[in-house]
Amino acid sequence: MRILVTAFVVSALLLVAACGNSTSGPSSSENWFPLTVGNWWLYEVDGTEISEVDTLTFSGTVIKRITSLQDHEDGFQVYELLSISNITTAYPDTALTRTDTSSVYLQQTAEELNKYSSITSSEYFVTMIKFPVTLGETWLSPDSFPGGFEVTGFDEFIYVPAGGFSNCAVISETFSPLFVLERSYHEGTGMIKFHVSSPYYSGTQSLQSYNVQ
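In short, a report on the structure. What you see is a predicted model; the values in this text were computed from it and never measured. (Residues numbered from 1 in each chain as written. Predicted model: local features only at pLDDT ≥ 70, side-chain atom pairs only at ≥ 80, totals over all residues. Heavy atoms only, no water.)

What about empty space enclosed by the protein?
Put simply, the test is: Points on a 1 Å grid over protein atoms alone make up a cavity when a 1.4 Å probe fits among them but cannot get out, and a pocket when they form an open set with protein on both sides within 12 Å along at least five of seven lines; lining residues each have an atom within 4 Å of a point. Grid points are joined across faces, edges and corners, and a volume is the space filled by probe spheres set on the points. Helix numbers and strand numbers start at the N terminus; a helix is a DSSP run of H or I with at least 4 residues, a strand a run of E with at least 2. All residues other than Ala, Val, Leu, Ile, Met, Phe, Trp, Tyr, Cys, Pro, Asp, Glu, Lys and Arg, Gly among them, are scored as polar; the first ten of these are nonpolar and the last four charged.
Under the counting rule described, the total for this entry stands at one cavity of 30 Å³ or more. Considering only enclosed or pocket space, the largest cavity measures out at about 40 Å³ in volume. Looking at the largest cavity, the residues that line it are Lys115, Val126, Met128, Phe149, Ile171, Glu173, Arg183 and Tyr185. Elements with a contribution of two residues or more to the lining of the largest cavity: β8 (126–130), β11 (163–176) and β12 (179–186). When its residues are assigned to classes, the lining of the largest cavity shows five nonpolar, no polar and three charged.

Written out as structure tokens, the structure reads:
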């Protein structure tokens, strides 16, 4: 049986290919992704993938939790963000459920929020947010990588199962005109929605419940 490669797995693989230089510095006063050990976010997942003969659907949950504050090998601190996904894919004749666990490490400076693959890697693989968050701001992560980021929305109202959130920022990551990742953040709450779209699949993570300090 062919195992569905969801948009979320594909996006993670693509992001690992991008690298940037390590930086350190004071934390930004902006709080678009609250970094406190014990914070957690539970997302509902749903989407579709178009195969050669069928349109497959997937659904489930992803929980993200900040588990620890660790010392990076380069002399600054990072927060471990643990993700556990439980996704069921519906095939024409059966259903397959997979559980995956992964970790990334977040570092916030006065200028940006960076994501590392480990505490020994001296290169971050994506800049998630640039500070201050400004409508129309663009950046590459790193400059040599073809994928680009842009703040495409600000002061947006977004409704998810956890409720309605105003004054949200939307950051779009574009690998090609047809492959776009869109993340929506609410200051003081974190990421409330993540949507992936391409000609062959689309998927959404929507915030269901959370606990932040």
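So, the nonpolar core
What tends to happen in soluble globular proteins is that the nonpolar side chains get buried as a cluster. Here is the rule: The definition of a nonpolar core used throughout is a set of buried Ala, Val, Leu, Ile, Met, Phe, Trp, Tyr and Cys residues joined through side-chain atoms within 4.5 Å. A 1.4 Å probe rolled over the protein chains alone gives each residue an accessible area, and that area as a share of the maximum for its type sets the label: buried under 20%, exposed over 50%, partly exposed in between.
Phe33, Leu106, Leu113, Met128, Ile129 and Tyr185 are the most contacted members of the largest nonpolar core, which has 36 residues in total. At the level of elements, β2 (40–50), β5 (95–108), β8, β10 (148–160), β11, β12, β13 (190–197) and β14 (201–211) are the ones that each hand at least two residues to this core. Looking at this core, the element that brings in the most residues is β11, giving six residues. One finds Phe76, Tyr105, Tyr116 and Tyr124 within the second-largest nonpolar core, a separate group that totals five residues.

Thoughts on the sheet that holds β14
For clarity, the cut-off: Any two strands with at least two DSSP-identified bridges between them are counted as paired. Axis lines are fitted to C-alpha atoms, over the contacting stretch for helices. Their N-to-C directions set the angle, which ranges from 0 to 180 degrees.
Here 12 strands make up an open sheet; going across it, the order is β8-β6-β5-β4-β3-β2-β14-β13-β12-β11-β10-β9 and the pairing antiparallel. Each of the sheet's edge strands pairs with one partner strand only, and the pair in question is β8 and β9 (138–140). Each strand axis lies, on average, 25° off the axis of its neighbour in the sheet, ignoring direction. Note: β2 against strand β3 (residues 55–71), 11 bridges, orientation antiparallel. Each residue of the ladder has a partner; that of Glu49, found in β3, is Leu56.

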